[in-house]
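Given next are the chains, with one letter for each unit.
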Amino acid sequence: MKSIHRRLHFLILCAALVATPSMAADDPVSAVTAGEPVDADHVHCESCDGWNQAQAPFNIFGNTWYVGTAGLSSILITSPGGHVLLDGALPQSAAQIQANIVALGFRIEDVKLILNSHEHWDHAGGIAALQRASGAEVAASPAAARVLIAGTVGSDDPQFDAASPVTIPKVPEVTEVADLGTVKVGDIVVKAYATPGHTPGSTTWSWTSCETDDCMQVVYADSLNPVSLGDFRFSGGNGHPDMSEQFAGSIARVAALPCDIVLSVHPGMTDTFKKLSARTEGKNTFVNPSACSAYASAAQVKLRARLEEEARPRTDE
Ligand SMILES: [Zn+2]
């Protein structure tokens, strides 16, 4: 495994999780809490119950499986030498993800590595529990690793909210994976592509899955949505650097990736369930070599609209 270095934090996971009134929106849907009860294994948000609806696990292609919930992806890549799991959804999704893995006939103990797309509560919240259940190593980009260890995002995150920070169960030990680094479990090789923008640590992961001699490049594309809280501007200002070029570069990078199958952190972003229901014997509708560029094009439209909005003169002053 090509990791830069490993941080060891022997933290006792405390049960004091705080889910707070002005919780941020993630990805396409606005999520706001208002005085919800606080407990250790849940993040409360407007969309959370819908996202966490049960979803039966299913095969995508070859050794790639969907084991997430109805609104939050978790992807399992299997091999005789151990499995890789991408993302843990919400804290309250962990048990469901574990049950989905078992329902497919796999053992949670054979999950040897857990990777994270980006360091938000709706994709990283379940990782701590899944790590404890499996004993797996956890790996992420350096920026995401810092957040998983700290249990909350920093002020460089577009959804940072100093007044009411969202916290998630901390992961005591996280291996950092550099841009273009690879991680290996058994014969699985997963490559990291840094795609910062939605968060500083956003990472798109890619691997090859085969059915006999038919091999596909699978891309787990991270969110490319310019969603923020407070007075954050992707074009800079208010104490933040201009991130617009970096964000546009991430979108272009996803568009250019070798990509036969695209999966996304929220399944709806790439029509995961539509593709599933349209699948027939002999036609795997997940295979679409233009799907990554289509996903990136949609993101480019959103980013452009967001930057235009930021450039408009403020009329409320
Ligand atoms: Zn997010």
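Here the structure is a predicted model, which means the values were calculated and not measured. (Residues numbered from 1 in each chain as written. Predicted model: local features only at pLDDT ≥ 70, side-chain atom pairs only at ≥ 80, totals over all residues.)

Scanning the protein for helices and strands turns up eight helices and 13 strands. When the 317 residues of the protein are sorted by exposure, 50% land in the buried category. In the protein, once contacts between residues fewer than 6 apart in sequence are set aside, the share between residues at least 24 apart is 66%. (Helix = DSSP H or I, 4+ residues; strand = E, 2+ residues; numbered from the N terminus. Buried ≥ 20, exposed ≤ 12 C-beta atoms within 10 Å, placed from the backbone. Contact = placed C-beta atoms within 7 Å.)

Of all eight residues that make up helix α4 (residues 127-134), six are buried, and the element is covered over most of its length. Listed in full, the buried residues belonging to α4 are I127, A128, A129, L130, Q131 and S134. Buried residues belonging to α4 abut β5 (83-86), α2 (94-103), β6 (111-115), α3 (121-124), β7 (137-140) and α5 (142-150). Of the residues flanking the end of α4, it is G135, one or two places downstream, whose phi is positive at about 80°.

Attention shifts here to the sheet that holds strand β13 (residues 261-264). Spatial ordering of the open sheet is given by β9-β10-β11-β12-β13, a layout of five strands whose pairing is mixed. A single partner strand is all that each edge strand has here, and the edge strands are β9 (182-185) and β13. Going across the sheet, the axis of each strand differs from the next one's by a mean of 25°, ignoring polarity. Sheet strands in contact with helix α8 (residues 291-311) are β12 (214-221) and β13, and its direction is about 40° off that of β13. (Pairing = 2+ DSSP bridges. Axes fitted to C-alpha atoms, helices over the stretch in contact; angles between N-to-C directions.)

Direction vectors running N to C along α2 and α4 enclose 45°, while the axes themselves pass 9 Å from each other. Viewed along their axes, α2 and α4 adopt a mutual orientation that is oblique. For the pair α2 and α4, the sense of crossing is right-handed. Side by side, α2 and α4 meet where A94, I97 and Q98 of the first sit next to A129, L130 and A133 of the second. Partitioned by chemical class, the residues of the contact of α2 with α4 number five nonpolar, one polar and no charged. (Parallel < 35°, antiparallel > 145°, perpendicular 65-115°, else oblique. Left-handed = near helix turned anticlockwise from the far one by under 90°. Nonpolar A, V, L, I, M, F, W, Y, C, P; charged D, E, K, R; others polar.)

Bringing the packing of helix α6 (residues 244-256) against α8 into the picture now. Each pair of packed helices gets described by two things: the angle between the helix axes and the distance between those axes. α8 packs onto α6 with a crossing angle of 165° between their chain directions and a minimal axis gap of 8 Å. With respect to α8, the element α6 is oriented roughly antiparallel. Judged by the sense of rotation from one axis to the other, the crossing of α6 with α8 is left-handed. Here α6 contributes S244, F247, A248, I251, V254 and A255 to the contact with α8, which in turn contributes C292, S293, Y295, A296, A299, Q300, L303 and L307. Across the contact of α6 with α8, the residue classes break down as 11 nonpolar, three polar and no charged.

Next up on the list: the nonpolar core. Grouped together as the largest cluster of nonpolar side chains are 77 residues, with contacts concentrated most on L115 and L148. The leading source of residues in this core is α8, at six residues. Beyond its immediate stretch of four places on either side in the chain, L148 contacts N116, E119, A124, I127, V138, A140, V171 and V174. (Core = buried A, V, L, I, M, F, W, Y, C linked by C-beta atoms within 7 Å.)

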